[in-house]
Amino acid sequence: MADHEEHDATGPDADTPDYGQAAGGWGSLKGVAHIFGEERNAPLAVSILAKLNKPGGIMCSSCAWAKPADPHKFEFCENGAKATLWELTPARATPEVFAERSVTELRDLHDHELEKLGRLTHPLRYDADSDRYLPVSWSEAFSEIGAELRAMAPEEAVFYSSGHAGLEASYLYALFARAMGHNNLPQSSNMCHETTSVNLKAQIGVPVGTCTLEDFEHCDAIFFFGQNTGTNSPRFLHPLKAAVERGCRIVTFNPVRERGLIEFVDPQDPVQMTVGKATKISEEYFQVRPGGDIAAMAGLIKCVLAAEDAAPGTVLDHDFIASETTGFEDAMQAVRAMDWAEIETHSGLTREMLQKAADIYLGAKNVIGIYGMGLTQHVEGWLNLGMLVNLLLLRGNIGRPGAGISPVRGHSNVQGQRTVGIAEKTGSVPLDKLREMFDFDPPEKEGRNAVHACEGILDGSVKAMIQLGGNLVRALPDRARMEDAWPSLRLTVSIATKPNRSHLAPGQVSYILPCLGRTDRDEQDGVPQAVTMEDSLSHIYGSIGTATPPSEHCLSELAIVAGMAEATLPPNPKLRWRDWTRNYDLVRDLVARTYPDEFHDFNGRMMQPGGFYRGNAARDRNWKTDSGRANFTTPTTLSALGRDTGSDGAVMTLVTLRSNDQFNTTIYGFSDRLRGLEGDRMVMLVNRDEMARLGLEEGQRVHLHSAIEDGVSRVVGPLAVTPFDLPSGCVAGYYPELNPLVPLSYHERESQTPAYKGAPVRIVT
Ligand SMILES: Nc1nc2c(c(=O)[nH]1)N[C@H]1C(S)=C(S)[C@@H](COP(=O)(O)OP(=O)(O)OC[C@H]3O[C@@H](n4cnc5c(=O)[nH]c(N)nc54)[C@H](O)[C@@H]3O)O[C@H]1N2
Ligand SMILES: Nc1nc2c(c(=O)[nH]1)N[C@H]1C(S)=C(S)[C@@H](COP(=O)(O)OP(=O)(O)OC[C@H]3O[C@@H](n4cnc5c(=O)[nH]c(N)nc54)[C@H](O)[C@@H]3O)O[C@H]1N2
Ligand SMILES: [Mo]
């Protein structure tokens with residue numbers, strides 16, 4: 001047994017401010033109990049929660065973390081339970097609810113209240129005269145949507161999806177777009193891990209991570225960059241705890257001391273729960289400046305090179321570098337030329353700290369690099385990833401058991417939707433196969449991603465926005481501008497489970513279409529249907545809902561997609577929308593035919609415990625890059641912010657955060673328990689030194705203004721000044737409240753992922 005640390009979980013340790021309890025523990029149970037109390041659906045909820053993430057059960061609709069083959073008794077976390085209970089609410093947003101309030105009146109509700117109206121029960125059409133959503137029949141809805149789509153050029157329509165819907169509905173949605181004649185298939189990952197899809201693909205030939213759960217049982221060190229496990233993928237804390245307990249060393253780089261990466265009380269461990277002992281997760285925790293990871297990793301690499309220089313031939317994996325990679329010399333020359341003083345300034349970390357981290361890297365045979373939005377949502381996100389890949393390649397830490405790179409994905413099926421064809425870039429879509437299978441000519445022209453779709457809405461070249469889940473009006477950058485532009489759309493259609501902000505910015509013709517959720521029973525011709533999804537570690541599982549649907553008028557996502565497609569497209573005997581709606585096995589057969597390497601015998605394998613693995617070329621050191629090798633990336637800058645940070649100290653870097661009490665734009669409540677922040681989301685977090693420097697008082701109300709001067713005014717406030725342990729030079733606050741401050745044009749260079757973690761702002765008192 002390793003000498004990992006267990007310590008008292010109730011009080012703060014010397015260098016940690018008291019943010020309340022450790023991640024997990026009783027606090028997480030209280031968080032669930034609170035939602036239980038609010039949603040009043042206990043017996044049903046207990047039976048559903050018991051099936052969550054178990055083979056043959058229901059796959060959680062919260063995050064994309066793996067579902068192990070041998071699950072815990074309760075294989076769900078606080079946030080998965082919240083997401084499930086939120087969907088199982090007995091509240092109903094019926095036509096009567098919409099008759100009571102006009103859309104203008106609904107806009108006065110907080111997003112939290114809006115979703116609390118409950119599950120949508122009827123298809124609704126916006127009526128401009130009464131400013132209300134009125135019930136319509138499905139056949140009216142489909143035929144008008146079809147007529148509207150037929151009346152526009154295919155490229156004027158955009159089909160967004162938010163990473164939720166199963167592989168079956170997703171495959172058909174992409175097929176519908178292509179049969180209509182466009183590839184405008186942006187997805188939530190355009191605001192999320194698109195940086196990964198584009199850059200990891202260029203660097204190591206795969207658009208996804210290379211690790212599986214087993215690797216976490218064999219790694220000796222884990223380097224964590226900008227991923228908040230305790231809030232966003234809490235079930236991942238279990239393999240992390242197990243890793244620490246067998247001696248794996250964890251090093252974290254994050255501007256915020258996130259509780260879950262500091263310590264964890266396992267709610268399934270009676271001893272830890274009773275005596276209040278927590279497992280320390282990160283051995284070293286470095287509060288890197290936002291955008292400072294390139295510099296931090298440059299420091300780490302310099303230390304590794306110095307160790308090699310001191311003992312040539314013993315530190316780097318020379319055989320691997322020579323036979324499997326390119327670009328080593330150029331990249332290393334650039335890193336060697338970097339100046340320590342600049343590295344310290346940009347990272348906000350000292351050379352000693354980076355040496356300490358490098359020593360852990362060098363002492364470990366197998367290293368895993370983990371990352372999330374802290375690396376992807378920056379202008380120079382490509383280089384954040386490039387430097388992490390560089391660091392790992394130096395010692396052959398990709399394509400070997402116990403090692404690898406592991407982006408942690410967001411939505412439960414965000415990765416899978418891409419796998420089955422929801423892609424605005426057609427590079428990985430077998431268009432020839434589609435042509436052969438369905439007898440139409442799929443368009444080859446690249447479609448619009450989320451940023452390009454927004455540009456099209458602003459300039460009028462996009463006329464229809466269909467949303468398969470999601471809440472774009474809230475999630476997008478430049479929100480105020482986009483919300484104002486939304487009603488200029490000719491057609492808006494939202495396939496949703498609950499009312500949200502996007503529904504309150506109706507286009508000229510606007511529909512809300514109520515769908516079944518993941519927990520709902522979906523029977524077609526009397527036969528219960530399964531849907532499937534893919535997790536962050538590329539495993540695919542079936543999920544079967546059992547709850548009674550909120551109303552007989554809700555249709556499955558697949559049925560809605562098929563209904564719209566049939567009403568839009570000219571008849572084609574190969575496009576059997578009705579048959580596919582009656583039996584999802586048929587759709588899985590299509591997926592298997594289209595992607596035989598990954599999905600052969602899809603129907604036979606989908607209920608396999610732990611899911612079936614679709615494989616990963618880089619894991620096998622089969623590099624599907626332009627060079628045929630893993631590519632080192634030559635750094636061109638030390639800051640991921642992609643801009644001059646100014647010298648007068650007036651421009652601050654804005655980091656937008658998720659709380660423990662939200663799932664993206666769904667706000668469950670106002671308790672950010674793990675950060676010790678309660679009650680108010682309209683806050684500006686800043687450290688006490690900066691408050692003194694800027695003359696700010698705790699609780700003072702301020703406004704934030706964008707510091708990007710392009711003729712657009714971007715302001716949010718009033719925000720309560722809240723002292724918080726952050727590096728200097730930055731402020732933080734919540735997504736989505738602060739989204740109007742991130743300009744559409746401020747995005748990652750290669751993939752256009754909005755740079756939500758680095759926008760420049762000024763504080764106005
Ligand atoms: N409960 C819950 N679970 C979720 C979600 C949710 O909203 N709620 N959302 C889901 C989705 S769609 C996604 S994509 C994932 C998101 O999960 P994460 O990838 O964890 O995303 P964030 O919470 O946005 O930010 C991650 C961390 O980056 C840190 N950070 C900010 N800037 C920097 C930087 O420059 N460098 C470094 N090293 N760190 C930085 C922040 O302090 C934060 O801890 O979670 C998914 N799971
Ligand atoms: N400032 C800032 N902005 C961000 C981010 C950030 O870190 N900072 N993160 C970005 C990221 S990572 C992401 S992924 C995006 C998320 O952007 P989206 O995916 O567009 O937004 P969500 O909030 O996840 O979508 C919530 C809505 O989905 C609908 N929904 C829920 N369950 C279902 C279902 O089963 N089926 C259907 N059809 N609908 C359902 C509900 O109506 C709910 O209101 O936001 C991005 N925006
Ligand atoms: Mo995401």
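Look above for the structure.
Because the structure is predicted, anything quoted here is derived from the model rather than measured. (Residues numbered from 1 in each chain as written. Chains lettered and ligands numbered in written order. Predicted model: local features only at pLDDT ≥ 70, side-chain atom pairs only at ≥ 80, totals over all residues. Heavy atoms only, no water.)

Below, the discussion takes up the site of ligand 1. Near ligand 1, the surroundings consist of 31 residues, among which Asn228, Glu258, Asp293, Gln662 and Asn664 are the closest. A distance of 3.3 Å separates a nitrogen atom of ligand 1 from a polar atom in the backbone of Gly226. Within the side chain of Asn232, one N or O atom sits 2.7 Å away from an oxygen atom of ligand 1. Summarising the interface, the protein chains cover 99% of the accessible area of ligand 1, which totals 920 Å² for the free molecule. Among the elements of the structure, helix H10 (229-232), helix H19 (373-376), strand S25 (651-657) and strand S26 (662-663) are those that each provide at least two residues to the shell around ligand 1. Two domains each put at least three residues into the shell around ligand 1: domain 2 (194-411) and domain 3 (651-764). (Near = heavy atom within 4 Å. Polar contact = N/O pair within 3.5 Å; in protein donor to acceptor, adjacent residues only side chain to side chain. Areas by Shrake-Rupley, 256 points an atom, 1.4 Å probe, with all protein chains shown as cover. Helix = DSSP H or I, 4+ residues; strand = E, 2+ residues; numbered from the N terminus. Domains from an automatic or database assignment.)

Attention now goes to the packing of aromatic side chains. Under the counting rule described, the total for this entry stands at 21 aromatic pairs. With a centroid separation of 6.3 Å and 70° between ring planes, the pair formed by Phe320 and Trp623 is classed as edge-to-face. With Phe320 in helix H15 (residues 318-324) and Trp623 in the loop between strand S23 (612-613) and strand S24 (630-631), the pair connects residues that are 303 residues apart, well separated along the chain. Taking relative accessible area as the criterion, Phe320 reaches 3% and is therefore assigned buried. (Phe/Tyr/Trp six-rings, centres within 6.5 Å; stacked < 30°, edge-to-face > 60°. Buried < 20%, exposed > 50% of the residue type's maximum accessible area, 1.4 Å probe, protein only.)

Looking at the secondary structure, you find Cys192 in the loop between helix H8 (167-180) and helix H9 (194-204). Note: C-alpha distance between Cys192 and Arg409 (217 residues apart in sequence) is 8.3 Å. Those residues within four positions of Cys192 in sequence are excluded, and the remaining contacts are Met373, Thr376, Gln377 and Thr753. (Contact = heavy atoms within 4.5 Å.)

Another point: the site of ligand 2. Taken together, 30 residues lie near ligand 2, and Tyr160, Glu557, Thr665, Tyr735 and Asn739 sit nearest. In this structure, an oxygen atom belonging to ligand 2 sits 2.9 Å away from a side-chain N or O atom of Glu115. In the complex, the protein chains occlude 96% of the 930 Å² of accessible area that ligand 2 would expose alone. The class makeup of the residues in the shell around ligand 2 is eleven nonpolar, 14 polar and five charged. (Nonpolar A, V, L, I, M, F, W, Y, C, P; charged D, E, K, R; others polar.)

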